[in-house]
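Spelled out from the first residue to the last, the chains are:
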Amino acid sequence: MTDARIEGLRARMNENELDALIVTSLANIRYLTGFSGSHALAVLTAKRAYFISDSRYTLQSAREVRKFRRIIGSLGLMEDAAAAKTLRGCRAAGFESDSLTYAQYRSLRRLFPRIMFRPTSGMVESLALVKDAREVACIEEAAAISDGVFHDVLKFIRPGVTELEIAAEISWLNRRRGAESDAFDVIVASGPRGALPHARPTARKIRKGEFVLLDFGSTVRGYSSDLTRTVALGGAPRRLREAYQAVLEANESATASARGGMTARGLDAVARGCIRRRGFARYFIHSLGHGLGLRVHERPRVSALSPEVLRPGSVITIEPGIYIPGSGGVRIEDDVLLGGTGCRVLTRSPRELIVL
Ligand code: ZN
Ligand code: ZN
């Protein structure tokens, strides 16, 4: 599998007239080499493939890295790449402009004075758009763990418990159910704080008559799930319950329409149309979703501005939301695998409003 990725990347390098690509994004290094650590560099040329790290990762990289020649150095990643003459015979080399730092760029210029360096963007990411069966299996497993965590945490949510306590419970349940980590910092937003789409949990005690929004994910072999559910503590105000119905309808309509071959903005429009018809258009303040994989947010962007055509084999989130300042928020987020004629929903937690 990694072979196909290397060849796919070489084909893109060729199209871009690059003799080499310097890969600095850790998610991309993992995608290409299998390495799951936090300090490495990969250099790909037309004929050669190098993986560079230091002695903290000698054993781990020997176990994980396939198809790349391993260099365990001690001078620094760029210096070790230069010492091993990884760019010999090359003239134009690309670097990843979204992850290479300015300091690293200056090192490259100093260490390889004859090479012409060119910024690139999204070369590995575009390969990673379509998931293979093993990747889908990881995301599916992560989604099943998140569903289990949601089921379990409901028992814990009651008036007087703080957002931070609920967040800690979610993290603990995630580990208990086999996730290697939370996919990102758990979001718990209660009452009026629900109007902040990315609220950090606080010591605020949740109360009767409020909505509580939970957004969390589980990581399995590097791959993430991303699940949001909003629950009510007793009877919530009518306006919030109406908002819930609008978000539910938007989620279900978008899920029913999602398929490879449609545009990302077309899918966003399906959900946005439902919310607009129910009079909440100005409270749906973010895009409908995002790609999911080794990164929690990756391509494709599923937004009103994205002309991108969705591909069968991509995993995306569908997460409409309504955020009413001073009152609260609702979001219902699922992960789906796009097919040619429809999609398969990977997160299976109930979507109807749960009143605790
Ligand atoms: Zn989320
Ligand atoms: Zn998300």
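Caption draft 1: Focus on the overall build of the chain. Looking only at helices and strands, the chain features ten helices and 19 strands. The C-alpha radius of gyration of the chain comes to 23 Å, within 12% of the 21 Å expected for a compact globule of 356 residues. If you line up the chain on its principal axes, its C-alpha atoms span 70 × 40 × 35 Å. Per-residue burial for the chain yields a buried fraction of 57% across its 356 residues. Put simply, 67% of the contacts in the chain that link residues at least 6 apart link residues at least 24 apart.

Caption draft 2: Representation of the packing of aromatic side chains in the model. Scanning the entire structure with this criterion turns up six aromatic pairs. Centre to centre, the rings of Phe 35 and Phe 51 are 4.8 Å apart; their planes meet at 65 degrees, and the pair counts as edge-to-face. Separated by 16 residues along the polypeptide, Phe 35 in the loop between helix H2 (26-33) and strand S2 (41-45) and Phe 51 in strand S3 (residues 49-54) bring together distant segments of the chain. When sorted by exposure, Phe 35 lands in the same class as Phe 51, which is buried. With centroids separated by 6.1 Å and ring planes inclined at 80 degrees, the aromatic side chains of Phe 211 and Tyr 244 adopt a geometry described as edge-to-face.

Caption draft 3: Layout of the coordination of the zinc ion (ligand 2). Note on the zinc ion (ligand 2): its protein donors are Asp 226 (OD), His 290 (NE2), Glu 319 (OE) and Glu 333 (OE). The metal-donor distances range over 2.1 to 2.2 Å. Considering all four donor atoms around the zinc ion (ligand 2), angles at the metal cover 77 to 154 degrees and the coordination shape is irregular. Between the two metal centres, the zinc ion (ligand 2) and the zinc ion (ligand 1), the spacing is 3.2 Å, with Asp 226 acting as a shared donor. Placement of the pair is Asp 226 in the loop between strand S11 (223-224) and strand S12 (227-232) and Glu 319 in the loop between strand S15 (315-318) and strand S16 (321-324), with a sequence separation of 93 residues. Across the pair, exposure class does not vary: Asp 226 and Glu 319 are buried alike.

Caption draft 4: Just the coordination of the zinc ion (ligand 1), in detail. Asp 215 (OD), Asp 215 (OD), Asp 226 (OD) and Glu 333 (OE) make up the full set of protein donors to the zinc ion (ligand 1), lying at 2.0 to 2.5 Å. The coordination sphere of the zinc ion (ligand 1) comprises four donor atoms, whose angles at the metal cover 55 to 148 degrees; the geometry is irregular.

Caption draft 5: Representation of the sheet that holds S12 in the model. Strand order across the open sheet formed by three strands is S8-S9-S12, with antiparallel pairing between neighbours. Each end of this open sheet is capped by a strand with a single partner; those strands are strand S8 (187-190) and S12. In this sheet, neighbouring strand axes are inclined to one another by 10 degrees on average, regardless of whether the strands run parallel or antiparallel. Across the sheet, helix H8 (residues 163-176) is in contact with S8 and strand S9 (211-216); its angle to S8 comes to roughly 150 degrees.

Caption draft 6: Representation of the sheet that holds strand S7 (residues 181-182) in the model. The antiparallel open sheet is built from three strands, whose spatial order is S7-S10-S11. Of all the strands in the sheet, the pair left with one neighbour each is S7 and S11. Both strand S10 (residues 218-220) and S11 contribute to a ladder of two bridges, which runs antiparallel. Paired with Thr 219 across the strands is Ser 224, a residue of S11.

Caption draft 7: Region of the structure containing the environment of Ala 179. With respect to the helices, strands and loops of the structure, Ala 179 is situated in the loop between H8 and S7. Using a relative accessible area of 7% as the deciding quantity, one classes Ala 179 as buried. If sequence neighbours within four positions are ignored, Ala 179 has contacts with Ile 145, Asn 174, Ser 218 and Thr 219.

Caption draft 8: A look at the packing of helix H9 (residues 238-257) against helix H10 (residues 264-277). At a minimum axis distance of 8 Å, the contact between H9 and H10 shows a crossing angle of 155 degrees. Considered as vectors, H9 and H10 are oriented roughly antiparallel to each other. Note that H9 runs across H10; the crossing there is right-handed. Contacts between H9 and H10 involve Ala 246, Glu 249, Ala 250, Ser 253, Ala 254 and Ser 257 on the former and, on the latter, Leu 267, Val 270, Ala 271, Cys 274 and Ile 275. Partitioned by chemical class, the residues of the contact of H9 with H10 number eight nonpolar, two polar and one charged.

Caption draft 9: Quick look at the environment of Ser 327. Inspection of the secondary structure assignment puts Ser 327 in the loop between S16 and strand S17 (328-331). Relative accessible area serves as the criterion here: at 29%, Ser 327 is assigned to the partly exposed category. With residues up to four places along the chain from it excluded, the contact list for Ser 327 reads Gly 191, Pro 192 and Leu 240.

Caption draft 10: Summary view of the pairing of strand S6 (residues 116-120). Relative to S6, strand S5 (residues 92-96) runs parallel, the two sharing five bridges. Pairing of Ala 93 across the sheet is with Phe 117, part of S6. Traced from S5 through helix H5 (residues 102-111) to S6, the parallel crossover comes out right-handed.

Rules and cut-offs
- Note that residues are indexed from 1 along each chain, following the sequence as it is written.
- Just so you know, chain letters begin at A and ligand numbers begin at 1, following the order they were written in.
- With pLDDT at 70 or above as the cut-off, local features in this predicted model cover only qualifying residues; side-chain atom pairs require 80 or more to be listed or tallied, and sums for whole chains, interfaces and linings still use all residues.
- Based on all heavy atoms of the structure, the side-chain values leave hydrogens and waters out of the count.
- Each helix is a run of DSSP H or I of at least 4 residues and each strand a run of E of at least 2, with the numbering of both proceeding from the N terminus.
- Only C-alpha atoms enter the radius of gyration; for comparison, a globular chain is expected to reach 2.2 Å times N to the power 0.38, where N is the number of residues.
- Summary of the burial criterion: residues with accessible area below 20% of their type's maximum are buried, those above 50% are exposed, and those between are partly exposed, where the area comes from a 1.4 Å probe applied to protein chains only.
- Pairs of residues are marked as contacts when any of their non-hydrogen atoms sit within 4.5 Å.
- Ring pairs are drawn from Phe, Tyr and Trp, using the six-membered ring of Trp, whenever the two centres fall within 6.5 Å, and their geometry is named by plane angle: stacked under 30 degrees, edge-to-face over 60, tilted for the rest.
- Distances up to 2.8 Å from the metal define which N, O and S atoms are donors, and 3.2 Å serves for Na, K and Ca; water is absent from the atom set, so sites may look incomplete.
- Under this scheme a four-donor centre is tetrahedral when all angles range from 85 to 135 degrees, a four-donor centre is square planar and a six-donor centre octahedral when opposite donors are above 155 degrees with the rest from 65 to 115, and any other centre is irregular.
- Strands are labelled as partners when DSSP assigns at least two bridges between them.
- Axis angles are defined between N-to-C directions and span 0 to 180 degrees, where every axis is a line fitted to C-alpha atoms and, for a helix, only to the segment in contact.
- By definition in this entry, angles of less than 35 degrees are roughly parallel, angles greater than 145 are roughly antiparallel, angles of 65 to 115 are roughly perpendicular, and the rest are oblique.
- A clockwise turn of the near helix away from the far one marks a right-handed crossing, whereas an anticlockwise turn of less than a right angle marks a left-handed crossing.
- Classification convention: Asp, Glu, Lys, Arg as charged; Ala, Val, Leu, Ile, Met, Phe, Trp, Tyr, Cys, Pro as nonpolar; all other residues, Gly among them, as polar.
- Think of it like this: strands point away, you trace from the first strand over the helix to the second, and a clockwise trace means the crossover is right-handed.

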